[in-house]
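Read off the chains here:
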Amino acid sequence: MNITNENKTIIAAILMFTFLVFALFAGQLLWGITAALIVISLLIFSRFYSDKPGTEDQACEEFSACVLTNSSIYKVPTIFVGIPILIVFGELGSKYESVFLAEYEGREVTIIYPGICSVMKDDRVKVAGKVIDGKKAGINGKCLKAFSVENKRSENA
């Protein structure tokens, strides 16, 4: 069997195309495995560094205060889970957070509540939570990460 230069070129092109297709799918498989390992490691490490109430390193604060602003409710993205197959199919998980200002002992305190908490200006609230660094939430200074907000307006009405 005599192979000409033209046939060698065609065979080489077919082999190169096959290699490129294999490399594309192998690369996606490796990317998928790498992304899965990253997500799993982030989930494991987030358990150690999460801001949950009841941690022993900081004392919980509890006080009554007057609300200075209406609460703002934000939808905060939490985690992305997806599968890369030529394009990325996935879903973005999210949660709601409420942010408002309250006056306590003559100073303004920024309160972040993980959930929906609708308070209005001039309401009296009883807040329990712990003081955190505001840089995590994009706030200058310290703020209070509340795990309980009790509105006293409904009791007086």
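Note that the coordinates shown come from a computational prediction; the quantities given were computed from them, not determined experimentally.

Okay, the overall build of the chain next. Across its full length, the chain holds 2 helices and 6 strands. Reading the chain from its N end, one meets helices and strands in the order α-β-β-β-β-β-β-α. Across the 157 residues of the chain, 22% fall into the buried class. Long-range contacts, defined here as pairs at least 24 residues apart, represent 58% of the contacts in the chain between residues at least 6 apart. With an accessible surface of roughly 11700 Å², the chain has 63% of that area assigned to carbon and sulfur atoms.

This part is about the confidence of the model for the chain. For the chain, mean pLDDT is 77; residues scoring 70 or higher make up 82% of the total. Within the chain, helix 2 (residues 153-156) has the poorest average pLDDT of any element, 58, and strand 4 (residues 107-113) the best, 87.

Our next topic: the environment of leucine 42. With respect to the helices and strands, the residue leucine 42 is situated in helix 1 (residues 5-48). In the structure, leucine 42 is positioned 37 residues away from isoleucine 79 in sequence and 9.7 Å away in space, judged by C-alpha atoms.

In terms of nonpolar packing, the biggest core is built from 15 residues, with Phe63, Phe100, Ile111 and Val127 touching the most fellow members. Put simply, the parts of the chain that give this core at least two residues each are strand 1 (61-67), strand 3 (87-104), strand 4, strand 5 (124-133) and strand 6 (142-151). Not counting chain neighbours up to four residues away, the residues in contact with valine 127 comprise Glu61, Glu62, Phe63, Ile111, Leu144, Ala146 and Ser148.

All chains considered together, the criterion is met by 4 salt bridges. For the salt bridge of glutamate 62 with lysine 126, the shortest nitrogen-to-oxygen distance reads 3.3 Å. Of this pair, glutamate 62 sits in strand 1 while lysine 126 sits in strand 5; the two residues are 64 residues apart in sequence, bridging distant segments of the chain. Of the charged contacts, one joins glutamate 150 and lysine 152 as a salt bridge, the two residues approaching to 3.6 Å between their closest N and O atoms. By relative accessible area, glutamate 150 is classed as partly exposed at 33%.

Once that is clear, we can look at the side chain of asparagine 151. Tracing the sequence through the fold places asparagine 151 in strand 6. For asparagine 151, a relative accessible area of 18% corresponds to the buried category. One polar contact links asparagine 151 to aspartate 123, side chain to side chain, over a distance of 3.4 Å. With residues up to four places along the chain from it excluded, the contact list for asparagine 151 reads Ser118, Val119, Asp123, Arg124 and Val125.

Okay, a nonpolar patch on the surface next. A cluster of nonpolar side chains, Phe17, Val21, Leu24, Phe25, Ile83, Ile85, Leu86, Ile87 and Phe89, forms an exposed patch at the surface whose accessible area comes to about 940 Å². Sorting the residues of the nonpolar patch by element identifies helix 1, strand 2 (72-85) and strand 3 as the ones contributing at least two each. With 4 residues, helix 1 is the single largest residue contributor to the nonpolar patch. Looking at the element boundaries, isoleucine 85 is found in strand 2. Looking at isoleucine 85, the relative accessible area reads 48%, which means it is partly exposed.

Parameters and conventions
- Residues numbered from 1 in each chain as written.
- Predicted model: local features only at pLDDT ≥ 70, side-chain atom pairs only at ≥ 80, totals over all residues.
- Heavy atoms only, no water.
- Helix = DSSP H or I, 4+ residues; strand = E, 2+ residues; numbered from the N terminus.
- Buried < 20%, exposed > 50% of the residue type's maximum accessible area, 1.4 Å probe, protein only.
- Contact = heavy atoms within 4.5 Å.
- Areas by Shrake-Rupley, 256 points an atom, 1.4 Å probe, with all protein chains shown as cover.
- pLDDT = per-residue confidence, 0-100.
- Core = buried A, V, L, I, M, F, W, Y, C linked by side-chain atoms within 4.5 Å.
- Salt bridge = Lys/Arg side-chain N within 4 Å of Asp/Glu carboxyl O.
- Polar contact = N/O pair within 3.5 Å; in protein donor to acceptor, adjacent residues only side chain to side chain.
- Patch = residues over 30% accessible without salt bridge, like charges linked within 9 Å, V, L, I, M, F, W, Y side chains within 5 Å.

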